[in-house]
Amino acid sequence: MIASYLSSFASLLPGILAMILGLIFVCITPHELGHWAVARFFGFKTPVFSIGFGKRNWSLILGNFWQTEFRLSPLLFGGYVEIPEIDEASQSQDEALSKFPVWQRIAVAIAGVVVNLLMALVILISMYWFVGEKETVYSNIRIDSFSASNEIALGAGFQVGDRLLAVDKIKIVQPQDFSAALLLHKQVPVMIQLLRKDAPMDISVTPNAAGFIGVGINYDTGVKVRQMSLSESVFTAVKTAYDAELRMFADLGKVVGILPKTEKEQFMGIVGVVDTGARIYNQSGYGFWWLMAILNLNLALMNLLPIPVLDGGHIMFYLIEAVRGKPVNVKIRAWLLEFFMHVMILLAIYLTWQDISRMIPSDSWLGRLFN
């Protein structure tokens, strides 16, 4: 068992390394550079720019440039730019804040989000323009097995190997089209068009109350590439990013209970993200860069949440200040920052535990420990 784990881990090592480097240099570093560049432009002090967290004597000092010490710190779970004028832990901050108008501080806080969005668009535009839009094409969608507890299809005369063409004359292009069509005909007779040994056939069947007829399906896949011009690449990239952000926002709403759940939604921690990315990297470079774009979009959305430890929390405080005419009390800001920092650490530990429990077989001794 241990040998199989080690073998699996060794095969993922190139992908794990690629994911770590991708997260650091494609997602985290551009985000922090956005904060740093806008802060420098407006005249804020930026004594430290760090990729990762940890004490200075644990870190690799890359050098001092533009009145900033650049560090590579050992805990690579993010990064930060130290800006004393807007640091919630600074007890002399209220006086410092008065030197910089609210809109400039909001610009500094939102700069990282903007850069993540731009990074995602640059990646997507480059993929579409230089490579093209890749689309998975499904073929030979067929019945693969029958359920022992649901014999509707077997009784209707279906056979293993039957190729599914249409349900009520609506073509089946993707595997999910078949189950979606059956759901529309729960407990209602429907005609299914199929091929059996290249001979067309129609079979009438009545799905049960759940929309099932008791079959398992299989299919073949291929990849179709559609070349794009630069203008079409830009348009498609913007649409892709917009659709992806809407889906992420909806998923977030399902997780917190604002929207009804249609399936089991769950967040991944850093271990799950790296593991998933490593597997994608081993399969497809195109898929890896697609994931980098999606992670930039994800980072942008998550950082806009109004939580004090995130960029959205800073923006929330600045908007409150704009309405009240004075900053939120520094002690309240510092307390909220510390509280939510501990919450985020606990959440990271929980998600890491969940990631590991999903990756390890539940019937192993290690799996029983985590499950």
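Residues numbered from 1 in each chain as written. Predicted model: local features only at pLDDT ≥ 70, side-chain atom pairs only at ≥ 80, totals over all residues. Heavy atoms only, no water.

Q: Quick rundown of the overall build of the chain? Include the residues and the values.
A: Looking only at helices and strands, the chain has eleven helices and ten strands in total. In the chain, which comprises 371 residues, the proportion classed as buried is 39%. As displayed, the chain has an accessible area near 21300 Å², and 65% of this comes from carbon and sulfur atoms. (Helix = DSSP H or I, 4+ residues; strand = E, 2+ residues; numbered from the N terminus. Buried < 20%, exposed > 50% of the residue type's maximum accessible area, 1.4 Å probe, protein only. Areas by Shrake-Rupley, 256 points an atom, 1.4 Å probe, with all protein chains shown as cover.)

Q: Describe the sheet that holds strand β2 (residues 60–65), listing the residues and the values that go with them.
A: In spatial order, the strands read β2-β3-β1-β4; together these four strands make up an open sheet with mixed pairing. Pairing within the sheet leaves two strands with one partner each, and these edge strands are β2 and β4 (75–82). Across the sheet, the axes of successive neighbouring strands diverge by a mean angle of 15°, strand direction being ignored. Where strand β1 (residues 48–53) meets β4, five bridges bridge the pair, whose relative direction is antiparallel. By the bridge assignment for β4, S50 is matched with Y80. (Pairing = 2+ DSSP bridges. Axes fitted to C-alpha atoms, helices over the stretch in contact; angles between N-to-C directions.)

Q: Can you break down the packing of aromatic side chains residue by residue, with the values?
A: Tallying each qualifying case throughout the model produces 15 aromatic pairs. When the ring of F339 is compared with that of F340, the centres are 5.1 Å apart and the planes differ by 85°; the resulting orientation is edge-to-face. Judged by relative accessible area, which is 40%, F339 ranks as partly exposed. The class for F340 is partly exposed, based on a relative accessible area of 25%. An aromatic cluster of three or more residues is present, and its members are W36, F49, F65, W66 and F70. When the ring centre of Y318 is taken as origin, the NZ or CZ atom of R105, which lies over that ring, is 5.3 Å away. (Phe/Tyr/Trp six-rings, centres within 6.5 Å; stacked < 30°, edge-to-face > 60°. Lys NZ or Arg CZ within 6 Å of the ring centre and 35° of its normal.)

Q: Explain the nonpolar core to me, using residue names and the numbers behind them.
A: Of all hydrophobic cores here, the largest spans 30 residues; its most connected members are M19, M292, L295 and L297. At the level of secondary structure, the elements contributing two or more residues to this core comprise α1 (2–42), α3 (102–131), α6 (230–255), α7 (270–283) and α8 (285–303). Residue contacts for L297: discarding those within four places in its chain leaves L117, A120, A241, A244, E245 and M248. Core analysis: the second largest hydrophobic core is formed by 18 residues, I28, F44, F70 and I106 among them. (Core = buried A, V, L, I, M, F, W, Y, C linked by side-chain atoms within 4.5 Å. Contact = heavy atoms within 4.5 Å.)

Q: Can you tell me about the environment of V122, naming the residues and giving the values?
A: On the secondary structure map, V122 appears in helix α3. In the structure, V122 is positioned 115 residues away from A237 in sequence and 8.4 Å away in space, judged by C-alpha atoms.

Q: If you had to explain the packing of α3 against α8 to someone new, which residues and values would you point to?
A: α8 packs onto α3 with a crossing angle of 160° between their chain directions and a minimal axis gap of 8 Å. Viewed along their axes, α3 and α8 adopt a mutual orientation that is roughly antiparallel. Of the two possible hands of crossing, α3 and α8 adopt the one that is left-handed. For the pair formed by α3 and α8, the contact residues are V113, N116, L117, M119, A120, I123, L124, M127, Y128 and V131 on the first element and Y286, W289, W290, M292, A293, N296, L297, L299, A300 and N303 on the second. The residue inventory of the contact of α3 with α8, partitioned by class, reads 17 nonpolar, three polar and no charged. (Parallel < 35°, antiparallel > 145°, perpendicular 65-115°, else oblique. Left-handed = near helix turned anticlockwise from the far one by under 90°. Nonpolar A, V, L, I, M, F, W, Y, C, P; charged D, E, K, R; others polar.)

Q: Outline the environment of L252, listing residues and values.
A: The residue L252 is located in helix α6 in this model. For L252, a relative accessible area of 13% puts it in the buried group. Along the primary structure L252 and L301 are separated by 49 residues, whereas in three dimensions their C-alpha atoms are 9.9 Å apart.

Q: Explain unusual backbone geometry residue by residue, including any values.
A: The backbone phi angle of Q187 is positive, close to 60°, even though this residue is not glycine. Inspection of the secondary structure assignment puts Q187 in the loop between α5 (175–183) and β8 (190–196). Look at Q187 and you get exposed, because its relative accessible area is 58%. Residue D198 is not a glycine yet carries a positive backbone phi of 70°.

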